[in-house]
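Remarks on the overall topology
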Amino acid sequence: MTRAKGSLTRREFVGGVSTAFALGAGAASSGAHQAAATTGSFPKGFLWGAATAAHQVEGNNLNSDEWVLEHMKPTIFAEPSGDACDHYHRYPDDIALLAGLGFNTYRFSIEWARIEPEQGIFSRAELDHYRRMLAACHEHKLTPMVTFNHFTAPRWFAALGGWENPASVDLFARYAERAARHLGDLIGLATTFNEPNLPRLLGWLSFDISGGTGALLQQAARAVGSDRFGFFLFADAEKALASMIPAHERALAAMKSGPGKFPVGVSLAMADEQAAGPDSGRDEKRRSVYGAWLEAAGKSDFLGVQVYTRARVGKSKDLGPEPGVELTQMGYEFWPEALEAVLRYSATQVKVPMYVTENGISTEDDTRRVEYIRRAVAGVQSCLKAGLDVRGYIHWSLMDNYEWVFGYRPKFGLVSVDRETQARTPRPSARFLGEIARRNGL
Ligand code: BGC
């Protein structure tokens, strides 16, 4: 097996990792750990996990595009991310906590803004940081699922126009190749992008999120001494799509060239799209928001499905929540059945295996999270009974974190985080889902 020149061996980094991972073939060599319990009703080896994203939990992502935007005056961000959950330093405890709760998978992202702080300059120390995170997962028998890009990018990349710049394809491919070469032998599964279809999806929302973004981006451009500032969440949907599809394909090819032999997919933002009225644009929405990306996922090793709620689709926009339906903190309808509906729809569009890579709810009332999980997981079970190839359920999120423009108010965590002391406290929902994971079934 090849490895990055000068990189540490598994033994140097992985220390006490189970020999099943360290030396095995097949599933083991791709970093997938077998589920400990097989007594439940889910298939053996089913992945049960929780997810985070670097910018939302690590803290002090100083070199990122998002950090610049958070610190503009004025800004549309509710508050800056600051220390976030200090996961950059606290990952050993967080990973141990996740494993102790009964999970067998951790989905997290690596941060491009740390790994390539200046264009073409790569940080060996930051790559080693992520190697240590991967090693910690294996020590705790967690399969690591790595997202190579979860929304944020280096500020120099933003100053070049971000994803609206056609050169972003080469830039991302080079970063992905470098990171995969350094980390690949420890990766269990990977996704290139998190929700690259989001820019088009945002165009269908019942409310407009673009207010103030133009002025903010101009201000940020001036701050970084450029005439442009491209940020994924506010990107022109068509230009971003034109770059991100080939960028996904190039990154996938780079990851496939080793080291390691792990499945590579892409995860999409999806909702249970329900036609509201006879002139509903539901099919047009599906074609526009999912079409090209489902095709790309179909040519990858798996599709990552990320679902929070349903959408009632009117003629050219979503209609928003139906009066009387319970809402979450984000203003979405409480609709755990959306997951099953999306899995069933996706299975008609792709032949590759599916993983639920995000599913969750923002609430201060953890009993609603437990109920949401119970019904969502029952939906996955029903898909499995119907013969769908679903291989994992990964909850969003492991812990309360920085919810982008909304700041720290939304509570998505299985584990609560004290913003002052950083103390972690697992909620009952963490134990509930952890027990499901341990039993490998409801
Ligand atoms: C994103 C996460 C986000 C979550 C909850 C997903 O769209 O991948 O970064 O925190 O939804 O809104």
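A short tour of the structure in this document, coming up. (Residues numbered from 1 in each chain as written. Predicted model: local features only at pLDDT ≥ 70, side-chain atom pairs only at ≥ 80, totals over all residues. Heavy atoms only, no water.)

Regarding the layout of surface pockets
- The calculated volume of the largest pocket comes to roughly 1,100 Å³.
- If you go around the largest pocket, you meet 42 residues; those closest to its centre are L198, L202, L205, M330 and Y332.
- Taken together, the elements giving at least two residues each to the lining of the largest pocket come down to helix 10 (198-202), strand 5 (264-275) and strand 6 (302-313).
- Take the lining of the largest pocket: its biggest share by element is six residues, from strand 6.
- Class assignment for the residues of the lining of the largest pocket results in 24 nonpolar, nine polar and nine charged. (1 Å grid on protein atoms, 1.4 Å probe; cavity = no way out; pocket = protein on both sides within 12 Å on 5 of 7 lines; lining within 4 Å. Points joined across faces, edges and corners; volume = space filled by probe spheres on them. Helix = DSSP H or I, 4+ residues; strand = E, 2+ residues; numbered from the N terminus. Nonpolar A, V, L, I, M, F, W, Y, C, P; charged D, E, K, R; others polar.)

Structural notes on the packing of helix 7 (residues 124-139) against helix 9 (residues 168-183)
- Here helix 7 crosses helix 9 at 50°, and the two axes come no closer than 10 Å. On the basis of their axis angle, the class for helix 7 and helix 9 is oblique. Here helix 7 runs over helix 9; the crossing is right-handed. Along its contact with helix 7, which presents R124, L127, D128, Y130, R131 and L134, the element helix 9 presents R178, A179, H182 and L183. (Axes fitted to C-alpha atoms, helices over the stretch in contact; angles between N-to-C directions. Parallel < 35°, antiparallel > 145°, perpendicular 65-115°, else oblique. Left-handed = near helix turned anticlockwise from the far one by under 90°. Contact = heavy atoms within 4.5 Å.)

A few points about empty space enclosed by the protein
- This structure, assessed with the given rule, holds three cavities of 30 Å³ or more.
- By volume, the largest cavity amounts to about 50 Å³.
- Put simply, the parts of the chain that give the lining of the largest cavity at least two residues each are helix 10, helix 12 (237-256) and helix 13 (282-298).
- Residue composition of the lining of the largest cavity, by class: seven nonpolar, two polar and one charged.

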